[in-house]
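The residues making up each chain are set out below.
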Amino acid sequence: MTAGWLSKPCRSTRTGAPRTIAPMSDTPHLLVPWAAASSTGARQAWEGLQLPHLEKLINRLTPLPPDTQDEDSFSPPHERALGRALGLSDADGQIAFAARAAQREELAQQPGAGWAFVTPCHWQVRTDHVTLSDPATLQLTDDESRAYLALLAPWFAEDGITLVYEQPTCWLAHGAPLVGLSTASLDRVLHRDVRSWLPEDAAAAPIRRLHSEMQMLLYTHAMNDAREARGAAPVNAFWMHGTGALPEHLSTDLEPQVVNALRASALQEDWATWSEAWQALDAGVVAQLAARAAAGDAVQITLCGELAALSWHSAPRSLGARISSLFRPQRLSHMGKKL
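Computed from a predicted model, the values in this text were never measured in an experiment. (Residues numbered from 1 in each chain as written. Predicted model: local features only at pLDDT ≥ 70, side-chain atom pairs only at ≥ 80, totals over all residues. Heavy atoms only, no water.)

Draft legend 1. Representation of the overall build of the protein chain within the structure. A tally of helices and strands in the protein chain yields 13 helices and twelve strands. Scored against the burial criterion, the 339 residues of the protein chain give a buried share of 50%. The contacts of the protein chain with a sequence gap of at least 6 include a subset with a gap of at least 24, amounting to 76%. Roughly 15,600 Å² of accessible area belongs to the protein chain as shown, and the carbon and sulfur atoms make up 52% of that amount. (Helix = DSSP H or I, 4+ residues; strand = E, 2+ residues; numbered from the N terminus. Buried < 20%, exposed > 50% of the residue type's maximum accessible area, 1.4 Å probe, protein only. Contact = heavy atoms within 4.5 Å. Areas by Shrake-Rupley, 256 points an atom, 1.4 Å probe, with all protein chains shown as cover.)

So, in structure tokens, the structure goes:
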């Protein structure tokens, strides 16, 4: 088996028309982020996987056109696929997850308003790179996070951005400077050099300035001194993501079931744990979906790597295609050659 079918580099989709993985109304849809990755370790791990239920499932279903991206796209394939399934725009770096969260909490009332997630985080600064550590490792308490928000909020307010507390590692932000702003997903940036993922267009100038101001503000702050005294990493930066405007009408289709069991091990490049998690998925939710498909239910599955997403759904196939599949069934080990 090879991970190449989910991670093959291709032309950027930032300016081109995206290919579509269409949602299916009232159809159970399983979306699996980090189903593969482009590193050598990930490819080796994939080649050793045995996923019998997944193989049976995709042989029963009909493939949809793949969605492919370049390695510098702000939005990874799983966020694009989820955005489309939810009826949001799939424009690179502008999938309105924050605006949707605000609407669900009855904070966002008008389509087109500027919203974003703001995640307090720790940047590891070295001479040749600045790496964003996983915010979860900060283990921020509710009180700590609220205190940091109260500290940063006046600075954001000077640029017309209001911060709203959501949870320790994720706040909401809204304001005019966020309208039309493209931002990189956390999944693109974690454990990588942040400088490659900061927005560079003119609209992002206030955000770039806030990054510099917040680093200076937090560098010697007493809250960080207290954290370092107990051996915890300081909060010395933030990451903005999830920007984008809500459409006039959101999709009423059944929301996909997003399975994040592979995410942590993939981001940490722990491929042994990742392989175990994949096999557990195959024996669990994938087997359940395969059973529904075998019983005649309409289903859909989307597998997402770092640079591409593949989707299969229940759809009528021609007689020739059905006969062909009996003699030459799709096999995961051959998928890379087909795409």
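After that view, the rundown keeps rolling.
Draft legend 2. Here's a closer look at the packing of aromatic side chains. For the structure on display, the rule yields six aromatic pairs. Taking 5.2 Å as the distance between ring centres and 65° as the angle between the ring planes, the aromatic pair formed by F156 and F238 counts as edge-to-face. Of this pair, F156 sits in helix α6 (residues 142–158) while F238 sits in strand β9 (residues 237–241), and the two are 82 residues apart along the sequence. This pair shows no difference in class: F156 is buried, exactly as F238 is. Pairing W271 with W274 gives two aromatic rings, centres 5.4 Å apart and planes at 85°, and the pair type is edge-to-face. A residue pair is termed a helical-turn pair when its members lie 3 or 4 positions apart in one helix, as W271 and W274 do in helix α11 (residues 271–294) at three residues. For the pair W271 and W274, a shared accessibility class is recorded, and that class is buried. Members of the aromatic cluster, connected to one another through ring pairs, are W46, W271, W274 and W278. The aromatic ring of Y165 is capped on one face by R146, whose charged end is 3.9 Å from the ring centroid. (Phe/Tyr/Trp six-rings, centres within 6.5 Å; stacked < 30°, edge-to-face > 60°. Lys NZ or Arg CZ within 6 Å of the ring centre and 35° of its normal.)

Draft legend 3. Structural context of the nonpolar core. Core analysis: the biggest nonpolar cluster contains 45 residues, and L57, L132, W239, W274, W278 and I301 have the highest contact counts within it. When residues of this core are assigned to their parent elements, the largest contribution, nine residues, is made by α11. Ignoring any residue separated from it by four or fewer positions in sequence, one finds W278 in contact with V32, A35, W46, L49, L51, L54, L262, V286 and L303. The next biggest cluster of nonpolar side chains, apart from the first, holds 25 residues, and it includes L138, L149, L152 and M214. (Core = buried A, V, L, I, M, F, W, Y, C linked by side-chain atoms within 4.5 Å.)

Draft legend 4. Representation of the environment of L57 within the structure. By the secondary structure assignment, L57 is in helix α3 (residues 52–60). A relative accessible area of 1% means that L57 is categorised as buried. Sequence separation of L57 and H313 is 256 residues, and the distance between their C-alpha atoms is 9.6 Å. Non-local contacts of L57, meaning those with residues more than four positions away in its chain, are made with V286, L289, A290, A293, V299 and I301.

Draft legend 5. Fine view of the pattern of salt bridges. One pass over the structure, following the stated rule, counts 14 salt bridges. Among the salt bridges present, the one from R230 reaches E144, with a minimum N-O distance of 2.7 Å. Here E144 lies in helix α6 and R230 lies in the loop between α9 (222–229) and β9, a separation of 86 residues in the sequence. Residue R230 is classed as exposed on the basis of its relative accessible area of 52%. Each of D67, R80, R84 and D90 takes part in one network of salt bridges that share partners. (Salt bridge = Lys/Arg side-chain N within 4 Å of Asp/Glu carboxyl O.)

Draft legend 6. Spatial organisation of the confidence of the model for the protein chain. Scored by pLDDT, the protein chain comes out at a mean of 85, with 83% of its residues at no less than 70. In this model residues 318–329 is a low-confidence stretch, pLDDT under 50, and it forms three contacts with partners more than four residues away in sequence or in other chains. Across residues 334–339, confidence stays below pLDDT 50; counting only partners more than four residues off in sequence or on other chains, it has twelve contacts. (pLDDT = per-residue confidence, 0-100.)

Draft legend 7. Local environment of the side chain of R227. Inspection of the secondary structure puts R227 in helix α9. Here R227 falls in the buried class, since its relative accessible area comes to 1%. Dropping the residues within four chain positions of it, R227 is found in contact with L138, L140, E144, Y148, A232, A233, P234 and V235.

Draft legend 8. Spatial organisation of the sheet that holds strand β7 (residues 162–167). With respect to topology, four strands assemble into an open sheet ordered β7-β8-β4-β9, the strand pairing being antiparallel. The open sheet has two free edges, formed respectively by β7 and β9, since each of these has just one partner strand. Neighbour-to-neighbour, the strand axes of this sheet turn through a mean angle of 30°, independent of strand direction. Pairing of strand β4 (residues 115–121) with strand β8 (residues 170–174), which is carried by four bridges, proceeds in the antiparallel orientation. Residue pairing across strands places V118 opposite W171, the latter belonging to β8. Docked against the sheet, helix α5 (residues 97–104) engages β4 and β8, running at close to 100° with respect to β4. (Pairing = 2+ DSSP bridges. Axes fitted to C-alpha atoms, helices over the stretch in contact; angles between N-to-C directions.)

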